[in-house]
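Understanding the architecture of this molecule
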Amino acid sequence: MVGLELQKRGFHNLHALDSCPAMLEMAAKKNVYSKLICDFLGTNRLDIANDTYDCACMVGAIVPCCHVKDDCFEELIRIVKPGGYIHFNMSEESVEDCERMEILRESTLKRHCDNGHWKLVEKRITPDYFRGERGVSQTFQVL
């Protein structure tokens, strides 16, 4: 769904990354992605060159079942160009229900700010993010 919305707004060189082949098959049917990458976002090094992307968006990855953990940010920072953006969002319920998820701790995100990897550009609450739930979205600029 995010790919379709980005395409409507004029973005055309879109890549999709997912560890689930079935999800990538669904993404392929949208006809908006120029590249589909089947891999897991974590401590592993993705087969993507440094400073490749202007922006990376994570949608649906931060959920109670822990699709991704805090170790994913180093890899996102590596593949996004300096000056580019990393955006992710989650339902507020995910924040409240997943204390064990390091990714949701402010200290994890702040550590990357303190280490000069990125800076927070925006943190926003969305009243009706998903099925009436409030959502939290954050955008960081890679330094």
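Conventions used here
Counting restarts for each chain: residues are numbered from 1 in the order of the written sequence. Side-chain atom pairs in this predicted model are given and counted only at pLDDT of 80 or more, local residue features only at pLDDT of at least 70, and totals for whole chains, interfaces and linings cover all residues. Side-chain metrics rest on all non-hydrogen atoms present in the structure, leaving aside hydrogens and water. Salt bridge, as applied in this entry: a Lys or Arg side-chain nitrogen positioned within 4 Å of an Asp or Glu carboxyl oxygen. Numbered from the N terminus, helices here are DSSP runs of H or I no shorter than four residues, and strands are runs of E no shorter than two. Buried residues are those whose accessible area, probed at 1.4 Å on protein chains only, stays under 20% of the maximum for their type, while exposed residues exceed 50% and partly exposed ones sit between those limits. Scored between 0 and 100, pLDDT is the confidence that the predictor attaches to each residue. Aromatic rings from Phe, Tyr and Trp, taking only the six-membered ring of Trp, are treated as a pair when their centres fall within 6.5 Å; an angle between ring planes under 30 degrees marks them as stacked, one over 60 as edge-to-face, and anything in between as tilted. Every residue pair with non-hydrogen atoms within 4.5 Å of one another is taken to be in contact. Only buried residues count toward a nonpolar core, which is a set of Ala, Val, Leu, Ile, Met, Phe, Trp, Tyr and Cys residues joined through side-chain atoms within 4.5 Å.

We now examine the pattern of salt bridges. For the structure shown, the criterion picks out seven salt bridges. Where E5 meets K8, a salt bridge forms, and the shortest distance between an N and an O atom there is 3.1 Å. In this pair, E5 and K8 both sit in helix α1 (residues 2-8), three residues apart, roughly one turn of the helix. On the accessibility criterion, E5 (32% relative accessible area) is partly exposed.

A few words now on the confidence of the model for the chain. Caution is warranted with low-pLDDT regions, since their predicted coordinates should not be read in detail. The predicted model of the chain averages 88 in pLDDT, with 87% of residues at 70 or higher. When mean pLDDT is taken per element in the chain, strand β2 (residues 33-38) scores highest with 97 and helix α4 (residues 92-97) scores lowest with 64.

All right, on to the packing of aromatic side chains then. Two numbers describe a pair of aromatic rings. These are the distance of the centres and the angle of the planes. Considering all chains together, one arrives at four aromatic pairs under this definition. Ring geometry for F73 and F88: centres 5.4 Å apart, planes at 45 degrees, overall tilted. Of this pair, F73 sits in helix α3 (residues 72-79) while F88 sits in strand β4 (residues 80-91); the two residues are 15 residues apart in sequence, bridging distant segments of the chain. You can call F73 buried: its relative accessible area is 0%. Pairing W118 with F140 gives two aromatic rings, centres 4.0 Å apart and planes at 20 degrees, and the pair type is stacked. Of the two residues, W118 is situated in strand β5 (residues 118-130) and F140 in strand β6 (residues 133-142); the sequence distance between them amounts to 22 residues. On the accessibility criterion, F140 (2% relative accessible area) is buried.

The subject of this paragraph is unusual backbone geometry. Phi is positive for D51, close to 55 degrees, though the residue is something other than glycine. In this structure D51 comes out as partly exposed when scored by relative accessible area, which is 40%. For R131, which is not glycine, the phi dihedral falls at a positive 50 degrees. Structurally, R131 is set in the loop between β5 and β6. R131 sits in the exposed class, given a relative accessible area of 75%.

On to the side chain of S137. Within the secondary structure, S137 sits in strand β6. Since its relative accessible area comes to 6%, S137 is described here as buried. Apart from the residues within four sequence positions on either side, S137 is in contact with H87, F88, N89, E122, K123 and R124.

The next point concerns α3. Counting buried residues along α3, seven of its eight residues qualify, which places the element largely inside the surrounding structure. Taken together, the buried positions of α3 are C72, F73, E75, L76, I77, R78 and I79.

This paragraph deals with the nonpolar core. Grouped together as the largest cluster of nonpolar side chains are 24 residues, with contacts concentrated most on M58, F73, L76 and F88. Those elements that place two or more of their residues in this core are β3 (53-58), α3, β4 and β6. Take this core: its biggest share by element is five residues, from α3.

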